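# Structure at a glance
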Amino acid sequence: MSVYIMADEALFQFLHNEVIQYIYKSSEHGEMENGRCITKLENMGFRVGQGLIERFTKDTARFKDELDVMKFICKDFWTSVFKKQIDNLRTNHQGIYVLQDNKFRLLTQLSAGKQYLEHAPKYLAFTCGLVRGGLSNLGVKSIVTAEVSVMPACKFQVMIQKM
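Please read these numbers as outputs of a predicted model, since none were measured by experiment. (Residues numbered from 1 in each chain as written. Predicted model: local features only at pLDDT ≥ 70, side-chain atom pairs only at ≥ 80, totals over all residues. Heavy atoms only, no water.)

As a further point, take the side chain of Lys122. Here Lys122 is to be found in helix α5 (residues 120-137). We note that Lys122 is buried and unpaired, the nearest opposite charge coming from Glu118 at a distance of 8.2 Å. What Lys122 contacts, discounting residues up to four positions off in sequence, is Ile20, Tyr24, Ile38 and Leu41. (Helix = DSSP H or I, 4+ residues; strand = E, 2+ residues; numbered from the N terminus. Buried < 20%, exposed > 50% of the residue type's maximum accessible area, 1.4 Å probe, protein only. Lys, Arg positive; Asp, Glu negative; His and termini not counted. Salt bridge = Lys/Arg side-chain N within 4 Å of Asp/Glu carboxyl O. Contact = heavy atoms within 4.5 Å.)

Along its 22 residues, helix α3 (residues 36-57) runs 31 Å from first to last C-alpha, staying within 8% of the 32 Å computed at 1.5 Å per residue. When α3 is considered as a whole, its buried residues turn out to be Cys37, Leu41, Glu42, Gly45, Phe46, Gly49, Gln50, Leu52, Ile53 and Thr57. (Expected span 1.5 Å × (residues − 1).)

A few words now on the packing of α3 against helix α4 (residues 66-82). As a packed pair, α3 and α4 sit with axes 11 Å apart at the nearest point and diverge in direction by 105°. For the element pair α3 / α4, the angle class is roughly perpendicular. For the pair α3 and α4, the contacting residues are Gly49, Leu52, Ile53, Phe56 and Thr57 in the first and Phe72, Ile73, Phe77, Ser80 and Val81 in the second. Residues of the contact of α3 with α4, tallied by class, amount to 7 nonpolar, 3 polar and no charged. (Axes fitted to C-alpha atoms, helices over the stretch in contact; angles between N-to-C directions. Parallel < 35°, antiparallel > 145°, perpendicular 65-115°, else oblique. Nonpolar A, V, L, I, M, F, W, Y, C, P; charged D, E, K, R; others polar.)

We now examine the nonpolar core. Ranked by size, the top nonpolar core spans 40 residues in total, and within it Leu99, Phe104, Leu107 and Val158 carry the most contacts. Of all the secondary structure elements, the ones that give two or more residues to this core are α1 (3-26), α3, α4, β2 (96-101), α5 and β4 (154-160). Excluding residues within four positions of it along the chain, Val158 makes contact with Met70, Gly95, Ile96, Tyr97, Leu99, Val131, Leu135, Ser142, Ile143 and Val144. (Core = buried A, V, L, I, M, F, W, Y, C linked by side-chain atoms within 4.5 Å.)

You can see Gln13 is positioned in helix α1. The class for Gln13 is buried, based on a relative accessible area of 11%. Once residues lying within four places of it in the same chain are set aside, the contact partners of Gln13 are Arg105, Leu106, Thr108 and Gln109.

So, on to the confidence of the model for the chain. In the predicted model, the chain carries a mean pLDDT of 87, and the fraction of residues at 70 or more is 89%. Note on residues 1-5: pLDDT is under 50 here. Beyond four places in sequence and across chains, it has 2 contacts. (pLDDT = per-residue confidence, 0-100.)

The interhelical angle for the contact between α3 and α5, taken along N-to-C directions, is 40°, at an axis separation of 6 Å. For the element pair α3 / α5, the angle class is oblique. In this structure, α3 crosses over α5, and the sense of that crossing is right-handed. (Left-handed = near helix turned anticlockwise from the far one by under 90°.)

Applying the stated criterion to the full structure yields 0 disulfides. Distance from the sulfur of Cys128, which forms no disulfide, to the nearest cysteine sulfur (Cys154) is 8.3 Å. Residue classification places Cys128 among the buried positions, given a relative accessible area of 7%. (Disulfide = S-S within 2.5 Å.)

Attention now goes to the pairing of β4. Side chains Cys154, Phe156, Val158 and Ile160 project from β4 onto a buried face, and the interleaved Lys155, Gln157 and Met159 project onto a face without burial. Relative to β4, strand β3 (residues 142-147) runs antiparallel, the two sharing 6 bridges. Paired with Ile143 across the two strands is Met159, which belongs to β4. Linking β3 back to β4 in an antiparallel pair, the connection comprises 6 residues. (Pairing = 2+ DSSP bridges.)

Below, the structure is given as structure tokens:
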């Protein structure tokens, strides 16, 4: 692994952490309680996901179906952003996909136990938006949620909204 890739990763993680801290520190107490901070992070991720997917797919052939789109997200998109592929992709073939990352990069800086589990949602909101924004620009309307039972592993659930 080159020094430049490691530096890029460190800068991305630092920026991500600082954005979270800024949003939480600049918000009023009521906003934290009703989830507005999470929504702001998710919306930021949505916009970034839209822009990234435009760049990543400009020279790509059209996807033949929803499953192809999800495979692209799990392999190419995830690798470009997080330097590794998703560890597992599951589907029920009815519009629900579960993407599992056993060592999610944005959670690895936190404790590997259950000590900081309550803080995990704010570190996952941006990525939920990132995936939703990418899918949106590929013509797939979705709801993306994340769950963590043991850090740094996490699962992202993508529910496709039929238009």
